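# Summary of the model geometry
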Amino acid sequence: MSAIDDLPPLREVIRAHALSARKSLGQNFLLDLNLTAKIARAAAPLEEAVIVEIGPGPGGLTRALLALGARRVIAVEHDARALPALQQIAVRYPGRLDIVRADAKAFDPRPLLSGERAKIVANLPYNIATTLLVGWLSVEPWPPWYDMMVLMFQREVAERIVARENEAAYGRLGVLANWRAETRILFDISPAAFVPPPQVTSSVVRLIPREKPEACDRRALERVAAAAFNQRRKMLRQSLKSLPADPARLAAAAKIDPTRRAETVPVSGFVAMARELADIRGEKRNTPE
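Right, let's walk through the structure included here. (Residues numbered from 1 in each chain as written. Predicted model: local features only at pLDDT ≥ 70, side-chain atom pairs only at ≥ 80, totals over all residues. Heavy atoms only, no water.)

## Focus: the packing of helix H6 (residues 129-137) against helix H8 (residues 172-180)
Running from N to C, H6 and H8 point in directions that differ by 40 degrees, and their axes come no closer than 10 Å. With respect to each other, H6 and H8 are oriented oblique. Between H6 and H8 lies a crossing of left-handed hand. The segment H6 lies against H8, with Thr130, Leu133, Val134 and Leu137 engaging Leu173, Leu176, Ala177 and Arg180. Classifying every residue of the contact of H6 with H8 gives 6 nonpolar, 1 polar and 1 charged. (Axes fitted to C-alpha atoms, helices over the stretch in contact; angles between N-to-C directions. Helix = DSSP H or I, 4+ residues; strand = E, 2+ residues; numbered from the N terminus. Parallel < 35°, antiparallel > 145°, perpendicular 65-115°, else oblique. Left-handed = near helix turned anticlockwise from the far one by under 90°. Contact = heavy atoms within 4.5 Å. Nonpolar A, V, L, I, M, F, W, Y, C, P; charged D, E, K, R; others polar.)

Next comes the structure, spelled out in structure tokens:
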């Protein structure tokens, strides 16, 4: 019996279903049910909550979410080998676990939500974690179909998500994440907690979507941030030359000196430059030939 329910310990589940972790799927199984419960509690309140979980594997986090009161968990798993283990959990928690075999990168949960807002809680596969996060942060229209994300990343990626100006990890991901969400690293998890142990420390990050981010076109923001950080050691007057706009005009719109570098510009500065870029593009479209 495990610490959170009467299902077998996760090591027994893995042995029974021959669930060796596959590097090609970015799998590292977290077997400590005390830690999975800690992650689940970070998404509180769980009572009446609908949870979307990506990559549940043998179901440690799934079990914690259900045991701690989640009304419904939609578990999205690409690996068919894990489905029988998840089905055991579904039997233990009847009517509360929906198992979906799908590629998370192409999965849209909205048809399953009936208009309810969900929470995304997951120990994400490392090889697709950033791609998934960017996709969730790019959802249109905004606010999105979720009201919280509690996600595990490699520590290096977590630092990039929460980074702000004048921090070494600040870049395109930090601009997008902090424009659309409030971000925070909650705690770290040692490699020793996983099977197999990864070579890096993991971090659990909470992102709460902003109901009304500063107004700007997301695609314009991504273009400005990409141009600026692709040549992050250069001044803005040089790095922004790849855009169809005068860098000086963009910098002036944000009230920043064009001799500054990308890592010194706050999210609000990138938003202002993105708005100006969108305006310039609109001017060019509306200019008679």
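## Notes on the side chain of Glu263
Its location among the elements puts Glu263 in the loop between helix H11 (247-253) and helix H12 (267-286). The buried category is assigned to Glu263, whose relative accessible area is 17%. Of the polar contacts made by the side chain of Glu263, one reaches the side chain of Arg233; its length is 3.2 Å. Ignoring any residue separated from it by four or fewer positions in sequence, one finds Glu263 in contact with Glu165, Asn166, Tyr170, Phe229, Arg232 and Arg233. (Buried < 20%, exposed > 50% of the residue type's maximum accessible area, 1.4 Å probe, protein only. Polar contact = N/O pair within 3.5 Å; in protein donor to acceptor, adjacent residues only side chain to side chain.)

## A word on the pattern of salt bridges
In total, this model carries 17 salt bridges according to the counting rule given. Arg218 is paired through a salt bridge with Glu140; the nearest N and O atoms lie 3.1 Å apart. With a gap of 78 residues between them, Arg218 in helix H9 (residues 218-230) and Glu140 in the loop between H6 and strand S6 (146-154) connect regions that are remote in the sequence. Judged by its relative accessible area of 16%, Arg218 is buried. (Salt bridge = Lys/Arg side-chain N within 4 Å of Asp/Glu carboxyl O.)

Nothing here speaks to function; it is all geometry.
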